[in-house]
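In case you want the letters, here they are:
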Amino acid sequence: MKESPKRKSVSSVIKMQTTDLLNTIIHQAIGLKASDIHLEPHEEHLQIRFRLDGLLQDHEKLPKNYHPQLTSRIKVLVNLDIAEKRLPQDGRTTFGQVDLRVSTIPTIHGEKAVLRLLNREQLNLSLEDLGMEKEGLATYKRLIAKRSGIILVTGPTGSGKTTTLYTTLAKLNSKEVNIMTIEDPVEYKLAGINQIQVNQKAGLTFARGLRSILRQDPDIIMVGEIRDLETAKIALQAALTGHLVFSTLHTNDAPSAITRLVDMGIDKYLVEATVIGVVAQRLVRKITGGREGIFEVVAGTSSQAGRRTLLDNGKLKIAQGLVAREEVARVIYLE
């Protein structure tokens, strides 16, 4: 792996103080545009891995004796309990222009730590930068211009749903509207938007937070994820009573989102009355580097004839030379 001429390798600073060693690892990850850093303890060494363009890659192995020092330093950095090694812990801080979200968990060889790197510069995206095709983008812009209803963004973890939603909220944000979110976790801090962090220990769930939001005179609401029937009912009721609501579901495509809500116990008539659109998406690696979104945008709850599916959009981007066939096949079944 090529190293930036401005950064020393981890191996070259192995004798440095732990603070310098951790800083070097983080700087290298930022330089490579990694989204996550994994510090994984094994029986005889500490494995450092970076997630690059959605895929984990080995970065370096360190001597096992550096594991407790690095783990303690990480905990100090995000104000976690360094003495607690038996239970998972979570925290966050800032590192230059990057927000760091840290999670630790005990394993049989010691605590594993994952650092999520959230680059605030990525929030400067426009809707046009997401990767939607012209027709899908036009449909999506019409949907988000509405005053009420619910728009669902679907896809697996790591498919770019949060980026789509945050870019949308930034587009809609103005002095004339009250935008409120309930998230778990809050990925990015958005200026001018009221964001609430779910706190299960304190009893602040999605459902409870959403109920309280409705008493705060909101115009636009974002629910990080619909996980249960109670949250779904409140979100759809909010959409029915004059609010524009955004949320996410874990489904394979746009039509499956409707089925999922009905399977959860929502009456079909309520789904049809409130869901004004569904966006399904995936992220794939571009041939030229970086990642590209593949989208399926559906207005309403019916599967329109001639709609462009995820598969259609993937094939189009292969034909355009943006992505390799193998890359699309990694996230979508190619016929």
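Residues numbered from 1 in each chain as written. Predicted model: local features only at pLDDT ≥ 70, side-chain atom pairs only at ≥ 80, totals over all residues. Heavy atoms only, no water.

Per an unreviewed UniProt entry, the protein chain carries the name Bacterial type II secretion system protein E domain-containing protein. Per UniProt, the protein chain carries the Sequence similarities (unreviewed entry) text "Belongs to the GSP E family." (UniProt positions renumbered as here; feature names shortened; annotations may be inferred.)

1. Section: the environment of Val245
Mapped onto the elements, Val245 comes out in strand E11 (residues 244-249). Owing to a relative accessible area of 1%, Val245 belongs among the buried residues under this scheme. Through-space distance from the C-alpha of Val245 to that of Leu270 is 14 Å; in sequence the pair is 25 residues apart. (Helix = DSSP H or I, 4+ residues; strand = E, 2+ residues; numbered from the N terminus. Buried < 20%, exposed > 50% of the residue type's maximum accessible area, 1.4 Å probe, protein only.)

2. Regarding the side chain of Gln281
With respect to the helices and strands, the residue Gln281 is situated in strand E12 (residues 275-285). A relative accessible area of 2% means that Gln281 is categorised as buried. Polar contacts involving the side chain of Gln281 include one to the main-chain carbonyl oxygen of Ser159, which spans 2.9 Å. (Polar contact = N/O pair within 3.5 Å; in protein donor to acceptor, adjacent residues only side chain to side chain.)

3. Quick word on the nonpolar core
One finds Ile150, Leu152, Ile226, Val245, Leu261 and Val275 to be the most contacted residues of the largest nonpolar core, which totals 40 residues. With six residues, the top contributor of residues to this core is helix H6 (residues 229-240). Contacts of Ile226, omitting those with residues within four sequence positions, involve Ile150, Leu152, Thr231, Ala232, Ala235, Ser247, Thr248, Leu249 and Met264. With 27 residues, the next largest nonpolar core counts Tyr140, Ile179, Tyr188 and Phe246 among its residues. (Core = buried A, V, L, I, M, F, W, Y, C linked by side-chain atoms within 4.5 Å. Contact = heavy atoms within 4.5 Å.)

4. Description of the packing of aromatic side chains
A complete count under the given rule lists one aromatic pair for this structure. Ring centres 5.7 Å apart and planes at 70 degrees place the aromatic pair Tyr166 and Tyr188 in the edge-to-face group. Of this pair, Tyr166 sits in helix H4 (residues 161-172) while Tyr188 sits in the loop between strand E8 (179-183) and strand E9 (194-197); the two residues are 22 residues apart in sequence, bridging distant segments of the chain. Of the residues examined, Tyr166 reaches a relative accessible area of 2% and is grouped as buried. (Phe/Tyr/Trp six-rings, centres within 6.5 Å; stacked < 30°, edge-to-face > 60°.)

5. Remarks on the UniProt feature "domain: Bacterial type II secretion system protein E" (unreviewed entry) in the protein chain
Cross-referencing UniProt, the feature "domain: Bacterial type II secretion system protein E" (unreviewed entry) maps to residues 214-228 in the present numbering. In the segment residues 214-228, helix accounts for 0% and strand for 27%; the C-alpha atoms at its two ends are 18 Å apart.

6. Let's talk about the sheet that holds strand E4 (residues 89-95)
Adjacent strands of a sheet form backbone hydrogen bonds with each other and so pair up, either parallel or antiparallel. Ordered in space as E3-E2-E1-E6-E5-E4, the six strands form an open sheet in which the pairing is antiparallel. Unpaired on one side and paired on the other, strand E3 (55-63) and E4 mark the two borders of the sheet. Each strand axis lies, on average, 20 degrees off the axis of its neighbour in the sheet, ignoring direction. Two strands pair when backbone bridges link them, and strand E1 (residues 36-41) and strand E2 (residues 45-52) are joined in this way by six bridges, in the antiparallel orientation. Bridge pairing links Asp36 to Arg51 in E2. Set on the sheet, helix H2 (residues 67-77) makes contact with E1, E2, E3, E4, strand E5 (98-107) and strand E6 (110-119); between it and E6 the angle comes to about 45 degrees. (Pairing = 2+ DSSP bridges. Axes fitted to C-alpha atoms, helices over the stretch in contact; angles between N-to-C directions.)

7. Re the domain arrangement of the protein chain
When the domains of the protein chain are assigned, the result is domain 1 (10-119) and domain 2 (121-333). Here the C-alpha centroids of domain 1 and domain 2 sit 31 Å apart. Counting from both sides, the interface comprises nine residues of domain 1 and, opposite them, eleven residues of domain 2. Across the interface of domain 1 and domain 2, roughly 1,100 Å² is buried in total on both sides, 44% from carbon and sulfur atoms. On the domain 1 side of the contact with domain 2, Asp53, Leu55 and Asn119 bury the most area, a combined 50% of that side's loss. (Domains from an automatic or database assignment. Buried area = accessible area lost by both parts, 1.4 Å probe.)

8. Structural notes on the sheet that holds E11
Pairing within the open sheet is mixed, and its seven strands lie in the order E9-E8-E10-E11-E7-E12-E13. At either margin of the open sheet sits one strand with a lone partner, and together these are E9 and strand E13 (291-299). Taken over all neighbouring pairs, the strand axes of this sheet differ in orientation by 15 degrees on average, direction set aside. Pairing of strand E7 (residues 149-154) with E12, which is carried by five bridges, proceeds in the parallel orientation.

9. Describing H4
Across its twelve residues, H4 extends 17 Å between first and last C-alpha, which sits within 8% of the 16 Å expected from 1.5 Å per residue. Every buried residue of H4 is listed here: Lys161, Thr164, Leu165, Tyr166, Thr167, Thr168, Leu169 and Leu172. (Expected span 1.5 Å × (residues − 1).)

10. Comments concerning the environment of Lys317
With respect to the helices and strands, the residue Lys317 is situated in helix H9 (residues 310-319). Classification of Lys317 by relative accessible area gives buried; the value is 0%. Once the C-alpha coordinates of Lys317 and Lys112 are considered, the two residues, 205 residues apart in sequence, prove to be 38 Å apart. In this structure, Lys317 is in contact with Gly131, Glu133, Glu292, Gly293, Ile294, Leu322 and Val323, ignoring residues within four places of it in sequence. A distance of 2.5 Å separates a polar side-chain atom of Lys317 from the backbone oxygen of Gly131.

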